Amino acid sequence: MVNTLIDPKVEVANLGYRVRYVPHEIIKEHNACYNVIYNGKHFVALSIVAPRLPYEVWIVPHKHSPRPFDLDYEELLELAEVLQNVVRIYVDILRFDNYNMWIHMAPKGVDEFHWHIEIAPSLPTWGGLEKGSDSYIIEVLPEEVAEMFRKHFIPVQGGEGS
């Protein structure tokens, strides 16, 4: 369902603090701020430093684009293999049967955005702290998540490796 009460440009501006420039910073400064699971030819997969949910993974394209609709075959193949790896690790290694996936992209007419995918298992029940303060209790360190994912990540044929 689309919220028609808020101008899409305003909504993207509000989301921008979180996403607009993050992918370029991730690629440039990932050692200081993020935990890279996979860094391929077209995509990077990471366990972010301040996740909302334990085991949250972001898949971000290297190429700036507001929407994922212009991916070529090679990019689609690499994305599919990265997604397959993340889901396989959730299901086979971590034994999470349920997970959620969000594709963040700009609305039509807005180009100041860098699309990406966020994936997280359906684990916690949020309490008053999480619901009221937008702060989240995470039981596992992002560094440990990244290390565990790297350990079980199968090399992607279309990518350059991790």
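A short tour of the structure in this document, coming up. (Residues numbered from 1 in each chain as written. Predicted model: local features only at pLDDT ≥ 70, side-chain atom pairs only at ≥ 80, totals over all residues. Heavy atoms only, no water.)

So, about the packing of aromatic side chains. Applying the stated criterion across every chain, the model contains six aromatic pairs. One Lys or Arg, arginine 52, reaches over the ring of tryptophan 102 and ends 5.5 Å from the middle of that ring. (Phe/Tyr/Trp six-rings, centres within 6.5 Å; stacked < 30°, edge-to-face > 60°. Lys NZ or Arg CZ within 6 Å of the ring centre and 35° of its normal.)

The next point concerns the side chain of histidine 114. Mapped onto the secondary structure, histidine 114 falls in the loop between β4 (99-104) and β5 (116-121). Within the structure, histidine 114 has its side chain in polar contact with the backbone oxygen of proline 61 (distance 2.8 Å). For histidine 114, the side chain forms a polar contact with the side chain of histidine 64, separated by 3.1 Å. (Helix = DSSP H or I, 4+ residues; strand = E, 2+ residues; numbered from the N terminus. Polar contact = N/O pair within 3.5 Å; in protein donor to acceptor, adjacent residues only side chain to side chain.)

Counting buried positions along strand β1 (residues 35-39) yields four of five residues, so the element is predominantly enclosed. As paired elements, β1 and strand β2 (residues 43-47) share four bridges and run antiparallel to each other. When the sheet's bridge partners are listed, valine 36 is paired in β2 with leucine 46. Adjacent in sequence and paired antiparallel, β1 and β2 are bridged by three residues. (Buried < 20%, exposed > 50% of the residue type's maximum accessible area, 1.4 Å probe, protein only. Pairing = 2+ DSSP bridges.)

Moving on, we come to the environment of tryptophan 126. When you line up the elements, tryptophan 126 lands in the loop between β5 and α4 (128-133). Through-space distance from the C-alpha of tryptophan 126 to that of isoleucine 137 is 8.8 Å; in sequence the pair is eleven residues apart. The contact partners of tryptophan 126, leaving out residues within four places of it in the chain, are Arg52, Leu53, Lys131 and Tyr136. (Contact = heavy atoms within 4.5 Å.)

Packing of helix α3 (residues 73-93) against helix α5 (residues 142-152) leaves a shortest axis separation of 10 Å and a crossing angle of 100 degrees. As summarised for this structure, α3 and α5 are arranged roughly perpendicular, according to the angle between their axes. Contacts from Asn85, Val86, Arg88, Ile89, Tyr90 and Ile93 in α3 reach Met148, Phe149 and His152 in α5. Its residues assigned to classes, the contact of α3 with α5 shows six nonpolar, two polar and one charged. (Axes fitted to C-alpha atoms, helices over the stretch in contact; angles between N-to-C directions. Parallel < 35°, antiparallel > 145°, perpendicular 65-115°, else oblique. Nonpolar A, V, L, I, M, F, W, Y, C, P; charged D, E, K, R; others polar.)

Okay, α5 next. Quick reminder: α-helices carry 3.6 residues per turn. Residues three or four places apart thus point the same way. By the burial criterion, the buried members of α5 are Pro142, Val145, Ala146, Met148 and Phe149. End-on, the buried residues of α5 take up no more than an arc of 165 degrees, which puts them together on one face. The outward face of α5, more than 90 degrees from its buried face, is lined by the exposed residues Glu147 and Lys151. Looking at the buried residues of α5, the elements they touch are β1, β2, β3 (57-61) and α3. (Arc of directions from axis to C-beta.)

Another point: the pattern of salt bridges. Within the structure shown, the criterion is met by five salt bridges. Of the charged contacts in the structure, one is a salt bridge between glutamate 56 and arginine 52, with a shortest N-O distance of 3.5 Å. Here glutamate 56 falls in the buried class, since its relative accessible area comes to 1%. A salt bridge links glutamate 118 to arginine 52, with the shortest nitrogen-to-oxygen separation between them at 2.3 Å. With glutamate 118 in strand β5 and arginine 52 in the loop between β2 and β3, this pair connects stretches of sequence that are 66 residues apart. Given the relative accessible area of 21%, arginine 52 is considered partly exposed. Ionic contacts of the salt-bridge type, sharing partners, join the residues Arg52, Glu56 and Glu118 into one network. (Salt bridge = Lys/Arg side-chain N within 4 Å of Asp/Glu carboxyl O.)

Purely spatial values, then, with no claim about function.
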